[in-house]
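# Structural characterization, general
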Amino acid sequence: MLYQTARSLLFKFDAEDAHRLALGSLDFAQWSGVLPLLTSASPNAPVDLMGLRFPNPVGLAAGMDKNGDYIDSLAALGFGFVELGTVTPRPQPGNPHPRLFRVPQASAIINRMGFNNKGVDHLVARLQARREREPKRDCLVAANIGKNFDTPLENAADDYLICMRKVYAYSDYITVNVSSPNTKGLRKLQGENELDQLLHTLKAEQQKLADLHGRYVPFLVKIAPDLEDAAIAGVAELLLHHKIDGVIATNTTLSRTGVAEFTHGNETGGMSGVPLHARAVEVVRLLRHAVGLEYPIIGVGGIMSAASAQSTVDAGANLVQIYSGFVYRGPSLVREIVEQIK
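Described below are features of the structure shown in this document. The model shown is predicted, which means the values in this text are computed figures rather than measured ones.

### Thoughts on a nonpolar patch on the surface
There is a patch of nonpolar side chains on the surface, built from L2, V34, L37 and L38 and spanning about 410 Å² of accessible area. With respect to the helices, strands and loops of the structure, L37 is situated in helix α3 (residues 35-38). Among the residues examined, L37 registers a relative accessible area of 72% and is labelled exposed.

### Description of the sheet that holds strand β6 (residues 108-111)
Pairing in this open sheet of three strands is antiparallel, and the strands run β5-β6-β11 from one edge to the other. Sheet topology places β5 (100-103) and β11 (270-273) at the edges, where each strand pairs with a single neighbour. Taken over all neighbouring pairs, the strand axes of this sheet differ in orientation by 20° on average, direction set aside. Pairing geometry for β5 and β6, over four bridges, is antiparallel. Following the sheet pairing, L100 is matched in β6 by N111. Against the sheet, helix α9 (residues 274-291) contacts β6 and β11, and its axis sits at roughly 90° relative to β11.

### Focus: the layout of surface pockets
The calculated volume of the largest pocket comes to roughly 940 Å³. For the largest pocket, the lining is made up of 38 residues, of which Y3, A6, L10, L26 and P331 are closest to its centre. Only α1 (2-10), α2 (15-32), α3, β5, α11 (324-329) and α12 (332-340) provide two or more residues apiece to the lining of the largest pocket. The element contributing the most residues to the lining of the largest pocket is α2, with ten residues. Taken together, the residues of the lining of the largest pocket break down into 28 nonpolar, seven polar and three charged. By volume, the second largest pocket is sized at about 760 Å³. Breaking the lining of the second largest pocket down by element, the ones donating at least two residues are α2, β4 (81-87), β6, β11, β13 (319-322) and α11. The element that contributes the greatest number of residues to the lining of the second largest pocket is α2, accounting for four residues. In terms of residue class, the lining of the second largest pocket is built from 15 nonpolar, 24 polar and eight charged.

### Brief notes about the side chain of N251
Summarising the element assignment, N251 is placed in the loop between β10 (246-249) and β11. On the basis of relative accessibility, which here comes to 10%, the residue N251 falls in the buried class. Within the structure, N251 has its side chain in polar contact with the side chain of N177 (distance 3.3 Å). A distance of 2.9 Å separates a polar atom in the side chain of N251 from a polar atom in the side chain of S179. The contact partners of N251, leaving out residues within four places of it in the chain, are N177, S179, S180, K222, I223, A224, P225 and L276.

### What to know about the sheet that holds strand β7 (residues 140-145)
Ordered by their spatial adjacency, eight strands build a closed barrel running β3-β4-β7-β8-β9-β10-β12-β13, and the pairing between neighbours is parallel. Strand-to-strand, the axes of this sheet are offset by a mean angle of 25°, without reference to chain direction. Where strand β12 (residues 297-300) lies against β13, three bridges are found, and the strand directions are parallel. Bridge pairing links V300 to Q321 in β13. Its contacts with the sheet place helix α5 (residues 120-133) against β4 and β7, and it is angled at close to 155° to β4. Contacts from α12 reach β3 (58-60) and β13, with the element oriented near 165° to β13.

Conventions used here
Here, residues in each chain are numbered from 1, in the same order as that chain's written sequence. The model is predicted, so local features are restricted to residues of pLDDT at least 70 and side-chain atom pairs to those at 80 or more, both for listing and for counting; the totals for chains, interfaces and linings are taken over all residues. Working from all heavy atoms in the structure, the side-chain values ignore hydrogens and water. Surface patches are defined over residues having more than 30% relative accessible area and no salt bridge, joining like charges when they lie within 9 Å and nonpolar side chains (Val, Leu, Ile, Met, Phe, Trp, Tyr) when within 5 Å. Values of accessible area rely on a 1.4 Å probe in the Shrake-Rupley scheme; residue burial ignores everything except the protein chains shown. We count a salt bridge whenever a side-chain nitrogen from Lys or Arg sits within 4 Å of a carboxyl oxygen from Asp or Glu. Helix and strand definitions here come from DSSP, where helices need a minimum of 4 consecutive H or I residues and strands a minimum of 2 consecutive E residues; each element is numbered from the N-terminal end. Any residue under 20% of the maximum accessible area for its type is buried, any over 50% is exposed, and the rest in between are partly exposed; the area is computed with a 1.4 Å probe on protein chains only. The pairing criterion is simple: DSSP has to find at least two bridges between the two strands. Orientation is described by axes fitted as lines to C-alpha atoms, over the contacting stretch for helices, and by angles from 0 to 180 degrees between their N-to-C directions. Contact criterion: two residues are considered in contact whenever any of their non-hydrogen atoms come within 4.5 Å of each other. Both cavities and pockets are sets of points on a 1 Å grid over the protein atoms alone; in a cavity a 1.4 Å probe fits but cannot get out, in a pocket the set is open with protein on both sides within 12 Å along at least five of seven lines, and lining residues sit with an atom within 4 Å of a point. Grid points are joined across faces, edges and corners, and a volume is the space filled by probe spheres set on the points. Residues are grouped as follows: nonpolar covers Ala, Val, Leu, Ile, Met, Phe, Trp, Tyr, Cys and Pro; charged covers Asp, Glu, Lys and Arg; every other residue, Gly included, is treated as polar. Here a polar contact means two N or O atoms within 3.5 Å. Within protein one must be a hydrogen donor candidate and the other an acceptor candidate, and residues neighboring in sequence count only if both atoms are side-chain atoms.

Shown next, in the form of C-alpha coordinates:
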(Lines give C-alpha, C1' and ligand atoms only; values in the text may rest on other atoms or scores of the structure.)
Protein backbone atom coordinates (compact mmCIF):
# COMPACT_ATOMS: atom_id res chain seq x y z
CA MET A 1 0.00 0.00 0.00
CA LEU A 2 2.81 2.41 0.89
CA TYR A 3 4.57 1.81 -2.43
CA GLN A 4 1.35 2.18 -4.41
CA THR A 5 0.87 5.61 -2.85
CA ALA A 6 4.46 6.57 -3.63
CA ARG A 7 4.09 5.24 -7.17
CA SER A 8 1.03 7.39 -7.84
CA LEU A 9 3.14 10.43 -6.94
CA LEU A 10 6.23 9.31 -8.86
CA PHE A 11 4.23 8.59 -12.00
CA LYS A 12 3.26 12.27 -12.16
CA PHE A 13 6.90 13.07 -12.99
CA ASP A 14 8.88 12.44 -16.16
CA ALA A 15 10.01 8.82 -16.03
CA GLU A 16 13.73 9.56 -15.77
CA ASP A 17 13.19 12.28 -13.14
CA ALA A 18 11.03 9.85 -11.17
CA HIS A 19 13.77 7.24 -11.42
CA ARG A 20 16.30 9.59 -9.84
CA LEU A 21 13.84 10.77 -7.21
CA ALA A 22 12.91 7.22 -6.21
CA LEU A 23 16.52 6.08 -5.88
CA GLY A 24 17.47 9.22 -3.99
CA SER A 25 14.58 8.74 -1.58
CA LEU A 26 15.50 5.10 -1.12
CA ASP A 27 19.08 6.04 -0.37
CA PHE A 28 17.96 8.65 2.18
CA ALA A 29 15.73 6.06 3.85
CA GLN A 30 18.69 3.69 4.07
CA TRP A 31 21.06 6.37 5.38
CA SER A 32 18.56 7.57 7.99
CA GLY A 33 17.80 4.07 9.25
CA VAL A 34 14.16 4.22 8.19
CA LEU A 35 14.37 1.69 5.36
CA PRO A 36 14.32 -1.44 7.57
CA LEU A 37 11.06 -0.15 9.08
CA LEU A 38 9.48 0.16 5.64
CA THR A 39 10.53 -3.20 4.21
CA SER A 40 10.76 -6.78 5.36
CA ALA A 41 13.62 -9.13 4.65
CA SER A 42 13.13 -11.91 2.12
CA PRO A 43 13.21 -15.46 3.47
CA ASN A 44 16.47 -17.35 3.21
CA ALA A 45 16.17 -19.48 0.08
CA PRO A 46 19.74 -20.09 -1.11
CA VAL A 47 20.59 -21.22 -4.63
CA ASP A 48 24.03 -22.60 -5.47
CA LEU A 49 25.04 -21.75 -9.04
CA MET A 50 28.31 -21.05 -10.87
CA GLY A 51 30.25 -21.70 -7.69
CA LEU A 52 28.32 -18.94 -5.90
CA ARG A 53 25.69 -19.07 -3.18
CA PHE A 54 22.83 -16.70 -3.95
CA PRO A 55 20.84 -15.88 -0.78
CA ASN A 56 17.65 -16.22 -2.82
CA PRO A 57 16.80 -16.60 -6.53
CA VAL A 58 15.50 -13.06 -7.18
CA GLY A 59 17.83 -10.41 -8.57
CA LEU A 60 17.59 -6.84 -9.76
CA ALA A 61 18.38 -6.53 -13.46
CA ALA A 62 20.96 -4.09 -14.80
CA GLY A 63 19.80 -0.58 -15.63
CA MET A 64 18.29 0.44 -12.31
CA ASP A 65 21.62 1.46 -10.76
CA LYS A 66 24.07 2.01 -13.59
CA ASN A 67 26.87 3.48 -11.49
CA GLY A 68 26.73 1.60 -8.20
CA ASP A 69 25.52 4.73 -6.38
CA TYR A 70 22.68 2.93 -4.58
CA ILE A 71 24.10 -0.52 -3.87
CA ASP A 72 23.38 -0.63 -0.15
CA SER A 73 19.82 0.63 -0.33
CA LEU A 74 18.86 -1.70 -3.18
CA ALA A 75 20.53 -4.69 -1.51
CA ALA A 76 18.52 -3.94 1.64
CA LEU A 77 15.24 -4.58 -0.22
CA GLY A 78 15.69 -8.34 -0.07
CA PHE A 79 17.26 -9.12 -3.43
CA GLY A 80 19.51 -12.15 -3.61
CA PHE A 81 21.70 -10.31 -6.10
CA VAL A 82 21.92 -6.90 -7.73
CA GLU A 83 23.38 -6.30 -11.19
CA LEU A 84 24.93 -2.88 -11.75
CA GLY A 85 25.54 -1.12 -15.07
CA THR A 86 25.71 -1.26 -17.98
CA VAL A 87 29.07 0.45 -17.50
CA THR A 88 31.53 1.47 -20.22
CA PRO A 89 35.27 2.27 -20.12
CA ARG A 90 34.71 6.02 -20.43
CA PRO A 91 31.84 8.07 -19.01
CA GLN A 92 29.17 8.93 -21.57
CA PRO A 93 25.90 10.90 -21.43
CA GLY A 94 23.77 8.46 -23.40
CA ASN A 95 21.09 9.43 -25.87
CA PRO A 96 19.21 12.76 -25.89
CA HIS A 97 16.23 13.34 -23.59
CA PRO A 98 13.49 12.27 -23.33
CA ARG A 99 14.61 8.64 -23.43
CA LEU A 100 12.57 6.76 -20.84
CA PHE A 101 8.82 6.17 -21.13
CA ARG A 102 6.17 4.33 -19.18
CA VAL A 103 3.27 2.55 -20.84
CA PRO A 104 1.17 1.83 -17.74
CA GLN A 105 -1.80 0.41 -19.64
CA ALA A 106 0.45 -2.53 -20.57
CA SER A 107 2.73 -2.47 -17.50
CA ALA A 108 5.60 -1.76 -19.87
CA ILE A 109 8.61 0.54 -20.12
CA ILE A 110 10.40 1.75 -23.24
CA ASN A 111 13.91 3.14 -22.98
CA ARG A 112 16.59 4.41 -25.32
CA MET A 113 19.06 5.41 -22.61
CA GLY A 114 22.19 4.47 -24.57
CA PHE A 115 24.49 3.24 -21.79
CA ASN A 116 24.52 6.57 -19.94
CA ASN A 117 26.98 6.06 -17.08
CA LYS A 118 29.84 7.63 -15.14
CA GLY A 119 32.42 5.16 -16.45
CA VAL A 120 33.94 1.99 -15.08
CA ASP A 121 36.35 3.75 -12.72
CA HIS A 122 33.45 5.33 -10.84
CA LEU A 123 31.74 1.96 -10.49
CA VAL A 124 34.93 0.34 -9.23
CA ALA A 125 35.32 3.08 -6.62
CA ARG A 126 31.77 2.42 -5.42
CA LEU A 127 32.40 -1.33 -5.26
CA GLN A 128 35.64 -0.79 -3.36
CA ALA A 129 33.89 1.46 -0.85
CA ARG A 130 31.17 -1.12 -0.31
CA ARG A 131 33.72 -3.83 0.35
CA GLU A 132 35.40 -1.64 2.96
CA ARG A 133 32.06 -0.87 4.64
CA GLU A 134 30.78 -4.42 4.52
CA PRO A 135 33.52 -7.07 4.13
CA LYS A 136 30.95 -9.87 4.61
CA ARG A 137 28.11 -9.26 2.20
CA ASP A 138 24.90 -11.25 1.85
CA CYS A 139 23.45 -9.80 -1.35
CA LEU A 140 25.70 -10.64 -4.31
CA VAL A 141 26.69 -7.84 -6.68
CA ALA A 142 27.49 -8.16 -10.39
CA ALA A 143 28.84 -5.73 -12.98
CA ASN A 144 27.24 -5.51 -16.41
CA ILE A 145 29.76 -4.26 -19.00
CA GLY A 146 29.46 -2.78 -22.48
CA LYS A 147 31.27 -0.71 -25.09
CA ASN A 148 31.33 3.05 -25.55
CA PHE A 149 29.03 4.31 -28.30
CA ASP A 150 31.91 5.69 -30.36
CA THR A 151 34.13 2.62 -30.18
CA PRO A 152 34.12 0.93 -33.61
CA LEU A 153 32.51 -2.48 -33.57
CA GLU A 154 35.76 -4.12 -34.67
CA ASN A 155 37.39 -2.74 -31.50
CA ALA A 156 34.54 -3.64 -29.15
CA ALA A 157 36.53 -6.42 -27.49
CA ASP A 158 39.01 -3.81 -26.23
CA ASP A 159 36.25 -2.02 -24.31
CA TYR A 160 34.97 -5.25 -22.77
CA LEU A 161 38.52 -6.19 -21.76
CA ILE A 162 39.08 -2.83 -20.07
CA CYS A 163 35.88 -3.18 -18.07
CA MET A 164 36.42 -6.84 -17.21
CA ARG A 165 39.92 -6.18 -15.90
CA LYS A 166 38.73 -3.31 -13.71
CA VAL A 167 35.60 -4.86 -12.20
CA TYR A 168 36.93 -8.41 -11.84
CA ALA A 169 38.24 -8.15 -8.28
CA TYR A 170 35.03 -6.56 -6.97
CA SER A 171 32.27 -8.51 -8.72
CA ASP A 172 30.59 -11.75 -7.80
CA TYR A 173 29.92 -12.28 -11.50
CA ILE A 174 30.24 -10.22 -14.68
CA THR A 175 27.67 -9.83 -17.45
CA VAL A 176 28.72 -9.07 -21.02
CA ASN A 177 25.99 -7.00 -22.64
CA VAL A 178 25.91 -7.53 -26.41
CA SER A 179 22.16 -7.13 -26.75
CA SER A 180 21.06 -3.58 -25.93
CA PRO A 181 19.17 -2.07 -28.88
CA ASN A 182 20.19 1.45 -27.87
CA THR A 183 23.88 1.46 -28.87
CA LYS A 184 24.24 1.51 -32.64
CA GLY A 185 25.48 -1.80 -34.03
CA LEU A 186 25.90 -3.48 -30.66
CA ARG A 187 23.56 -6.36 -31.40
CA LYS A 188 25.75 -7.33 -34.36
CA LEU A 189 28.10 -8.77 -31.73
CA GLN A 190 25.56 -11.60 -31.37
CA GLY A 191 26.40 -12.72 -34.91
CA GLU A 192 28.16 -16.06 -35.11
CA ASN A 193 31.61 -14.83 -36.16
CA GLU A 194 31.56 -11.72 -34.01
CA LEU A 195 30.39 -13.56 -30.89
CA ASP A 196 32.83 -16.41 -31.46
CA GLN A 197 35.79 -14.01 -31.53
CA LEU A 198 34.55 -11.96 -28.57
CA LEU A 199 33.94 -14.99 -26.36
CA HIS A 200 37.34 -16.45 -27.26
CA THR A 201 39.03 -13.21 -26.24
CA LEU A 202 37.10 -12.74 -23.01
CA LYS A 203 37.41 -16.35 -21.91
CA ALA A 204 41.19 -16.18 -22.27
CA GLU A 205 41.24 -12.96 -20.25
CA GLN A 206 39.03 -14.47 -17.56
CA GLN A 207 41.56 -17.25 -17.02
CA LYS A 208 44.43 -14.75 -16.80
CA LEU A 209 42.51 -12.70 -14.25
CA ALA A 210 41.63 -15.79 -12.24
CA ASP A 211 45.32 -16.68 -12.03
CA LEU A 212 46.24 -13.09 -11.14
CA HIS A 213 43.65 -12.68 -8.40
CA GLY A 214 43.51 -16.27 -7.17
CA ARG A 215 39.75 -16.20 -7.61
CA TYR A 216 37.48 -17.35 -10.42
CA VAL A 217 34.72 -14.87 -11.28
CA PRO A 218 32.04 -16.23 -13.64
CA PHE A 219 30.93 -14.25 -16.63
CA LEU A 220 27.65 -14.50 -18.47
CA VAL A 221 26.33 -13.20 -21.78
CA LYS A 222 23.04 -11.29 -21.99
CA ILE A 223 21.14 -11.92 -25.22
CA ALA A 224 18.26 -10.25 -27.04
CA PRO A 225 14.73 -11.67 -27.28
CA ASP A 226 14.57 -10.64 -30.93
CA LEU A 227 17.02 -13.29 -32.15
CA GLU A 228 15.56 -15.90 -34.46
CA ASP A 229 15.18 -19.33 -32.90
CA ALA A 230 17.99 -20.72 -35.07
CA ALA A 231 20.27 -17.90 -33.95
CA ILE A 232 19.50 -18.69 -30.31
CA ALA A 233 20.61 -22.25 -30.93
CA GLY A 234 23.81 -20.90 -32.52
CA VAL A 235 24.49 -18.68 -29.51
CA ALA A 236 23.95 -21.64 -27.20
CA GLU A 237 26.47 -23.69 -29.18
CA LEU A 238 29.09 -20.94 -28.82
CA LEU A 239 28.43 -20.56 -25.10
CA LEU A 240 29.06 -24.25 -24.60
CA HIS A 241 32.06 -24.33 -26.94
CA HIS A 242 33.82 -21.50 -25.10
CA LYS A 243 32.75 -22.77 -21.66
CA ILE A 244 31.01 -19.50 -20.81
CA ASP A 245 29.60 -19.67 -17.28
CA GLY A 246 25.99 -18.78 -18.04
CA VAL A 247 23.48 -16.78 -20.05
CA ILE A 248 20.93 -14.09 -19.21
CA ALA A 249 17.72 -14.16 -21.23
CA THR A 250 16.62 -11.59 -22.14
CA ASN A 251 17.32 -7.94 -22.78
CA THR A 252 14.62 -5.53 -24.01
CA THR A 253 12.76 -6.03 -27.28
CA LEU A 254 12.22 -3.92 -30.40
CA SER A 255 8.76 -5.42 -30.78
CA ARG A 256 5.79 -3.18 -30.04
CA THR A 257 3.24 -5.95 -29.72
CA GLY A 258 0.89 -5.08 -26.89
CA VAL A 259 1.83 -1.41 -26.61
CA ALA A 260 1.57 0.17 -30.07
CA GLU A 261 -1.95 1.50 -29.46
CA PHE A 262 -1.02 3.36 -26.26
CA THR A 263 0.66 6.72 -25.61
CA HIS A 264 4.45 6.34 -25.95
CA GLY A 265 3.94 2.82 -27.30
CA ASN A 266 5.81 3.59 -30.51
CA GLU A 267 8.75 5.42 -28.99
CA THR A 268 12.13 4.24 -30.26
CA GLY A 269 14.09 1.96 -27.95
CA GLY A 270 13.87 -1.32 -26.13
CA MET A 271 10.67 -2.43 -24.44
CA SER A 272 10.47 -4.30 -21.15
CA GLY A 273 7.52 -5.35 -19.03
CA VAL A 274 4.52 -7.62 -19.42
CA PRO A 275 4.39 -7.64 -23.26
CA LEU A 276 7.93 -9.07 -23.32
CA HIS A 277 7.23 -11.92 -20.92
CA ALA A 278 5.96 -14.58 -23.33
CA ARG A 279 8.95 -14.22 -25.67
CA ALA A 280 11.44 -14.07 -22.80
CA VAL A 281 10.04 -17.33 -21.44
CA GLU A 282 10.22 -18.90 -24.88
CA VAL A 283 13.88 -17.87 -25.24
CA VAL A 284 14.64 -19.43 -21.86
CA ARG A 285 12.90 -22.62 -23.00
CA LEU A 286 14.87 -22.70 -26.26
CA LEU A 287 18.13 -22.14 -24.44
CA ARG A 288 17.44 -24.84 -21.89
CA HIS A 289 16.74 -27.32 -24.67
CA ALA A 290 19.98 -26.33 -26.42
CA VAL A 291 22.37 -26.20 -23.46
CA GLY A 292 21.12 -29.12 -21.38
CA LEU A 293 19.92 -29.39 -17.82
CA GLU A 294 22.99 -28.19 -15.91
CA TYR A 295 23.87 -24.95 -17.69
CA PRO A 296 23.14 -21.75 -15.69
CA ILE A 297 20.35 -19.55 -17.07
CA ILE A 298 19.06 -16.32 -15.52
CA GLY A 299 15.59 -15.44 -16.79
CA VAL A 300 14.39 -11.85 -17.04
CA GLY A 301 11.57 -10.15 -18.90
CA GLY A 302 8.08 -9.11 -17.84
CA ILE A 303 8.12 -10.75 -14.40
CA MET A 304 5.37 -8.97 -12.49
CA SER A 305 4.25 -11.65 -10.05
CA ALA A 306 5.26 -14.90 -8.43
CA ALA A 307 3.28 -16.69 -11.14
CA SER A 308 5.24 -15.09 -13.98
CA ALA A 309 8.49 -15.79 -12.12
CA GLN A 310 7.41 -19.41 -11.78
CA SER A 311 6.70 -19.68 -15.51
CA THR A 312 10.24 -18.44 -16.17
CA VAL A 313 11.66 -21.05 -13.81
CA ASP A 314 9.46 -23.75 -15.29
CA ALA A 315 10.88 -22.89 -18.72
CA GLY A 316 14.37 -23.58 -17.41
CA ALA A 317 15.73 -20.56 -15.53
CA ASN A 318 17.79 -21.15 -12.39
CA LEU A 319 17.42 -17.56 -11.19
CA VAL A 320 15.22 -14.62 -12.16
CA GLN A 321 15.70 -10.88 -12.36
CA ILE A 322 13.15 -8.08 -12.26
CA TYR A 323 13.20 -4.48 -13.47
CA SER A 324 9.85 -3.26 -14.80
CA GLY A 325 8.11 -5.37 -12.17
CA PHE A 326 10.08 -3.53 -9.51
CA VAL A 327 8.95 -0.19 -10.97
CA TYR A 328 5.28 -1.18 -11.14
CA ARG A 329 5.00 -3.40 -8.06
CA GLY A 330 7.73 -2.15 -5.73
CA PRO A 331 9.86 -4.05 -3.19
CA SER A 332 7.03 -6.33 -2.09
CA LEU A 333 7.41 -8.21 -5.38
CA VAL A 334 10.81 -9.50 -4.28
CA ARG A 335 9.46 -11.15 -1.13
CA GLU A 336 6.37 -12.43 -2.97
CA ILE A 337 8.50 -14.26 -5.51
CA VAL A 338 10.97 -15.63 -2.96
CA GLU A 339 8.15 -16.97 -0.79
CA GLN A 340 6.16 -18.59 -3.60
CA ILE A 341 8.64 -19.72 -6.24
CA LYS A 342 9.39 -23.45 -6.38
